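Below are the chains, spelled out letter by letter.
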Amino acid sequence: MKVRLLYLGNQLSKHGLNKTTIETLGPDLESLGFEVVYASSKKGFVFRLLDMLGAILFHRKKLSYILIDTYSTKAFWYAFLAAQFAQLLKIKYIPILHGGNLPNRLKNNPKLSRRLFSNAYRNVAPSGYLKQAFEAEGFTNVVLIPNAIAIEKYTFKNRINLASKLLWVRSFASIYHPEMAIHVLQQLQKTYPEATLTMVGPDKDGSLQTTKALAASLELPVTFTGQLSKEAWWQLAAEHDIFINTTHFDNTPVSVLEAMALGLPVVSTAVGGIPYLITPDVTGKLVPDADTDAMVAAITELLQQQEQGQLLIQNARSFVAQMDWDVVKEKWVEVFK
C-alpha cells in the first residue's frame, strides 16, 4: 500500500522567509516514493491555520499519516489544533519537534502538551536534547531522526589560515539575539581592526532594523545581505572564515550543520540542543548564552591557534557526514513501516 502523507508547516519561502523543514524534508520523502501533499503557504496566522485544517478535511480519506512541524511559540497552536482535528478524524499524526523552547512548553502547559504529544503515532526529535527532554516528562513515543543534509552539495573549503571574517546566518528575531554579533565584532576589532561581519537572513520581528541601527551607531563594517538562497549563502561562505551563532534558544539549526559541512569553524552559544550538536573544542566552540566576552575569546583563540582551528574543521565535517540523507532516510522508512 502506498504511503500518503500530508505535511503541515510554514511553507513561506515565496513570501521572503527562509525555507523551513517542510520545504527540504518534504521533497526528500517524495524521492523515497512517498506521496506528499503540503499546507500551508498562506500568509497570516488565521489563513494558514484554516488552510491546514482544510487540507486535513479534504485529504482525510487518502492519508496514511499527517506530519506536523511543531514549534514552541505561536506556531505551537498550528500543531495543537491540527492534531486535535486529526484525532477526531482518526488519522495518525507525527509531530516533528523543532522548537528549542519546547521543554518549557511541556512544563508550562502540561495538559495541552499531553493532548498533543501523548496521542501522536510518533514524535520525531531531530536532536538528543529534545528526545531526552520529552522522555524526562514521561513521553515514550519519541524517535530520534536528525535533520538531514545532502553532504555532496556542500563544497568543503579547507581553511588553512583563518582570518577574522565572521559570518552569521539566521532569521532576524529576538530569540536568535542578532545584536550580540554586532557587539562581538566591536570587541574583536580592538585586537583585529580588520575584522568584518556579514549577516544573512530575513527579518522576522523587527530585529533587522534594530541590528542595522546598532551597527550604524557603532560605525562597524557589517554587511546585511537580506535573505539569500541556500546556494547563494554557500558561495558567500567561501569568503568567510568563522561562523558565529548567537541564539538564546535552539534545537539543531540547519545553518550550523551547513557551516560545518562547508568547513567553517563554528562558535556558538551553548543553549538548547547545541551542546548535543557541538562537542566543545572537538567539533566547535561553545560559550555561555549572551556572553559576548566569551565568544570574542573563543574567536581569538581560533585565530591565534590555527592548528586547533584545522582540527575543529576536519572533525566537524566528519560529524556532519553522519547526517547525510543517505543515512537518515532509513530512519524515516522505519517510521512509516
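Each remark here, short or long, concerns the structure printed above.
Residues numbered from 1 in each chain as written. Predicted model: local features only at pLDDT ≥ 70, side-chain atom pairs only at ≥ 80, totals over all residues. Heavy atoms only, no water.

A. Molecular detail of the side chain of Thr247. Looking at where Thr247 falls in the secondary structure, it is placed in the loop between β10 (242-245) and α10 (254-262). A polar side-chain atom of Thr247 sits 3.2 Å from the main-chain carbonyl oxygen of Ile175. Polar side-chain contacts of Thr247 include one of 2.4 Å to the backbone oxygen of Phe249. Apart from residues lying up to four places away in sequence, Thr247 is in contact with Arg170, Ile175, Tyr176, Thr269, Val271 and Asp289. (Helix = DSSP H or I, 4+ residues; strand = E, 2+ residues; numbered from the N terminus. Polar contact = N/O pair within 3.5 Å; in protein donor to acceptor, adjacent residues only side chain to side chain. Contact = heavy atoms within 4.5 Å.)

B. Representation of the sheet that holds strand β8 (residues 196-200) in the model. Spatially, β9-β8-β7-β10-β11-β12 is the arrangement adopted by the six strands of the open sheet, whose pairing is parallel. Lying at the two open borders of the sheet, with one neighbouring strand each, are β9 (222-226) and β12 (285-287). Averaged over all pairs of adjacent strands, the angle between strand axes in this sheet comes to 20°, irrespective of strand direction. Strand contacts of helix α8 (residues 207-217): β8 and β9, with the helix running at about 160° to β9, the strand carrying the most contacts. (Pairing = 2+ DSSP bridges. Axes fitted to C-alpha atoms, helices over the stretch in contact; angles between N-to-C directions.)

C. Looking closely at helix α14 (residues 325-335). Of the positions making up α14, those classed as buried are Trp325, Val328, Trp332 and Val335. Looking straight down α14, one finds that the buried residues subtend no more than 70° of arc, so they occupy a single side. The inward-facing, buried residues of α14 abut α1 (25-31), β3 (65-70), β4 (93-97), β5 (123-125) and β6 (142-144). (Buried < 20%, exposed > 50% of the residue type's maximum accessible area, 1.4 Å probe, protein only. Arc of directions from axis to C-beta.)

D. Representation of the packing of aromatic side chains. Under the definition given, this model contains 17 aromatic pairs. Seen in terms of ring centroids, Phe76 and Phe80 are 6.3 Å apart; in terms of plane orientation they differ by 20°. Their pairing is stacked. On the criterion of helical spacing, the pair formed by Phe76 and Phe80 is a turn pair, its members being four residues apart in helix α3 (residues 76-88). The pair Phe76 / Phe80 is uniform in exposure class, with both members buried. With a centroid separation of 6.3 Å and 40° between ring planes, the pair formed by Trp233 and Phe243 is classed as tilted. Of this pair, Trp233 sits in helix α9 (residues 230-237) while Phe243 sits in strand β10, and the two are 10 residues apart along the sequence. When its relative accessible area of 4% is taken as the criterion, Trp233 is described as buried. (Phe/Tyr/Trp six-rings, centres within 6.5 Å; stacked < 30°, edge-to-face > 60°.)

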